[in-house]
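As a plain string of letters, each chain reads:
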Amino acid sequence: MADKYNVEEAEALAKRALHLPITQATPIYEQLLSLYPTSARFWKQYVETQMAVNNDDATKQIFSRCLLTCLQVPLWQCYIRFIRKVYDKKGAEGQEETTKAFEFTLNYIGTDIASGPIWTEYITFLKSLPALNPHEDMQRKIALRKVYQRAILTPTHHVEQLWKEYENFENSVNRQLAKGLVNEYQPKFNSARAVYRERKKYIEDIDWNMLAVPPTGSSKEEVQWVAWKKFLTFEKGNPQRINAALSTKRIIYVYEQCLMCLYHYPDVWYDYAEWHIKSGSTDAAIKVFQRALKAIPDSEMLKYAYAELEEARGAIQSAKNLYESILGVSTNSLAQIQFLRFLRRAEGVESARKYFLEARKSPSCTYHVYIAFATMAFCLDKDPKVWNRFVQFEQTYGDLASILKVEQRRKEALFGKGEEGSPALESSLQDVVSRYSYMDLWPCTSNELDHLSRQELLVKNMNKKVEKTNQPHGSATIGSVASSSKVVYPDTAQMVVHDPAKKSGIEFSSSAKPVAASASNTFPSNVTATATHGSASTFDEIPKTTPPALLAFLANLPHVDGPTPNVDVVLSICLQSDLPTGQTAKQSFVAKGNVPSQNDPSGPNRGGSQRLPRDRRATKRKGSDRQEDDDTASIQSQPLPTDVFRLRQMRKARGISTSSQTPTGSASYGSAYSGELSGSTG
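All figures in this text were calculated on a predicted structure; none of them were measured in a lab. (Residues numbered from 1 in each chain as written. Predicted model: local features only at pLDDT ≥ 70, side-chain atom pairs only at ≥ 80, totals over all residues. Heavy atoms only, no water.)

1. Side note on the nonpolar core
Alright, step 1. Ranked by size, the top nonpolar core spans 61 residues in total, and within it Trp43, Phe63, Leu75, Tyr79 and Tyr166 carry the most contacts.
Alright, step 2. For this core, the element with the highest residue contribution is helix 5 (residues 73-87), accounting for 9 residues.
Alright, step 3. By size, the runner-up hydrophobic cluster in this structure holds 59 residues, among which are Cys258, Leu259, Ala285 and Phe373. (Core = buried A, V, L, I, M, F, W, Y, C linked by side-chain atoms within 4.5 Å. Buried < 20%, exposed > 50% of the residue type's maximum accessible area, 1.4 Å probe, protein only. Helix = DSSP H or I, 4+ residues; strand = E, 2+ residues; numbered from the N terminus.)

2. With respect to the pattern of salt bridges
Alright, step 1. Enumeration over the complete set of coordinates arrives at 23 salt bridges.
Alright, step 2. In this structure, the salt-bridge partner of Arg197 is Glu160, at a minimum N-O distance of 3.5 Å. Of this pair, Arg197 sits in helix 10 (residues 175-203) while Glu160 sits in helix 9 (residues 159-173), and the two are 37 residues apart along the sequence.
Alright, step 3. Note on Glu160: relative accessible area 37%, which makes it partly exposed.
Alright, step 4. Between Glu256 and Arg291 there is a salt bridge, and its shortest N-O distance comes to 2.9 Å. You can see Glu256 sitting in helix 12 (residues 244-261) and its partner Arg291 sitting in helix 14 (residues 282-295), a full 35 residues away along the chain. (Salt bridge = Lys/Arg side-chain N within 4 Å of Asp/Glu carboxyl O.)

3. Focus on the UniProt feature "repeat: TPR" (unreviewed entry) in the protein chain
Alright, step 1. Mapped onto the present numbering, the UniProt feature "repeat: TPR" (unreviewed entry) falls on residues 266-299.
Alright, step 2. Secondary structure across residues 266-299 divides into 79% helix and 0% strand, with the first and last C-alpha atoms of the span separated by 8 Å. (UniProt positions renumbered as here; feature names shortened; annotations may be inferred.)

4. Quick word on helix 15 (residues 300-312)
Alright, step 1. In a regular helix each residue adds 1.5 Å, so 13 residues correspond to 18 Å; helix 15 covers 18 Å between its end C-alpha atoms and thus fits that length.
Alright, step 2. For helix 15, every residue scored as buried is listed here: Leu302, Lys303, Tyr304, Ala305, Tyr306, Ala307, Leu309, Glu310 and Glu311.
Alright, step 3. Turning to helix 15, the residues buried within the fold contact helix 13 (266-278), helix 14, helix 16 (316-329) and helix 17 (333-346).
Alright, step 4. Gly314 sits one or two positions beyond helix 15 and adopts a positive phi of about 90°. (Expected span 1.5 Å × (residues − 1). Contact = heavy atoms within 4.5 Å.)

5. Some points on the packing of helix 16 against helix 17
When two helices pack together, their arrangement is given by the angle between their axes and by how far apart the axes lie.
Alright, step 1. Axis separation between helix 16 and helix 17 bottoms out at 9 Å; the angle between their running directions is 165°. In terms of axis orientation, helix 16 runs roughly antiparallel to helix 17. Relative to helix 17, the crossing made by helix 16 is left-handed. Every residue of helix 17 that contacts helix 16 at Ile316, Ala319, Lys320, Tyr323, Glu324, Ile326 and Leu327 is listed here: Ala335, Gln336, Gln338, Phe339, Phe342, Leu343, Arg345 and Ala346.
Alright, step 2. Looking at the contact of helix 16 with helix 17 residue by residue, the classes come out as 10 nonpolar, 2 polar and 3 charged. (Axes fitted to C-alpha atoms, helices over the stretch in contact; angles between N-to-C directions. Parallel < 35°, antiparallel > 145°, perpendicular 65-115°, else oblique. Left-handed = near helix turned anticlockwise from the far one by under 90°. Nonpolar A, V, L, I, M, F, W, Y, C, P; charged D, E, K, R; others polar.)

6. A few points about the environment of Gln408
Alright, step 1. On the secondary structure map, Gln408 appears in helix 21 (residues 400-415).
Alright, step 2. A relative accessible area of 27% means that Gln408 is categorised as partly exposed.
Alright, step 3. C-alpha separation for the pair Gln408 and Glu426, spaced 18 residues apart in sequence, amounts to 8.6 Å.

Structure (structure tokens):
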């Protein structure tokens, strides 16, 4: 055939086979049934051809191939005819085999809306059985009653006719008993009749002789697809209110009938398997997927769905075989990416990395594979930022169960699974605070937050061993000093509060000089030089040269997951602000026309010191006084003001006389210890 699924040509071949000898017709039927394995009409025609020539063995073989997959009443009626033909003349043994055949048939298609003729034929067969004694007659009537009661509860085209026959049967046996039985089964019959009328509306649009072909998008196919979907939805609602077992059996029957027409529709196979999974029958779902892959072997969607099911139930090797089968047929980037993800889930990151190194050598490997692996490696990195974003996502869109699950996964990823009952993995009040905070809004006070953070730090250090260090000054790192049991602290008893008011002849230097001096004294000269040249190891060298007391303080600072300033924003604001410096202040002062004189404290020294005569500069204090003066300048936290009047008042209060001093002014620069400025003018 030019077109593999040419329906018109298939119909013509089937008609031609009717007029050919069995030897010539058999290859045609086999060809047709290989393309349309669910066509009950072709199977029925094929088996009737074999029955016509009394080829019983071939007939039995054909029935074994088609009966359980083609649940259509005409084909099963053909099966009953064959059984009765074979066993009618075999006496009691034949009657028993025929009875089994009827029960077998009704067990599979007895709920079909068109199964009424089979029920009627079975009842007729039971009535025809000979009764040699009253006991056998009673047994026959009991069997008839059971079949009648099953038939009148089945919504079929013949349900009303069967009800009338049942009433006549019970009245013929015992009128007194018949009244009670009829009253008992009347409501059940009414329910079956109502369901039949509803079901009939859904099946009127279904073409039972439609040949199963791959979807082409034709309007006829869409009409059939919609009709079957509505019918399935109706049956899943259990309209007859039967028990769960019978309802499940009925739904399975409708799905099997649907697949006879929509055999090449992957969504129908998937829905069938998913329904089995939801019903708790995973094994049945696996069988459905296996049948689906035989029907549509090229469907990657079904393979992925099947592999997903196998992985979910722990059959990792079966799932891996499915992924490899996809790669064997198609080595596109999508298949490589999905296999990469599967290996990461099932065997770990290392296995996924090994496969990636092999996959990138393939000529079919595109940039998608690189992006997928890079994304995987990034998300698996133990970066708290990634997990925090994941938690925020769940808090926005997930429910409470998903939020708690993600938080637990975050703990396991950042701190390791550890032992059961590990403090790092247990839930804490800190988790509640983090969960119910928003931006800079917290469900607790700052003291409570600090207390919780301190407790968290204590828990983290609870099981750590205290390490001793013999390095008193600079070579220990922050971590080692934090765990050290001996820290050298400064001797506060040697500290003396310096009062500069008791000293005379103080020379105020530039405000920039003390700062530079104090900054240069913080670290040794080698570190300062390294920082000046911008070496990459500057920050690695700083902890080694920092005093132990400062290191201990830094190490004991608690880690708070609270609001922290955005460094970039702070730096941006500082860079955009016009902060005056000593040089810019001088330039602005000169620009206004106020050129300082020799005695002006805002002159070149910029620190507020007056240029004194040579004889007075010669009598300045020696090295010890100069050192104390420098200490005083470094203690004061505020820079000296640039206002001329305030500087003169300040010098007067300190006992320095100048020719330009105003006699009525007085000022106090405050305490050198506190660094606070206070002043009064009069």
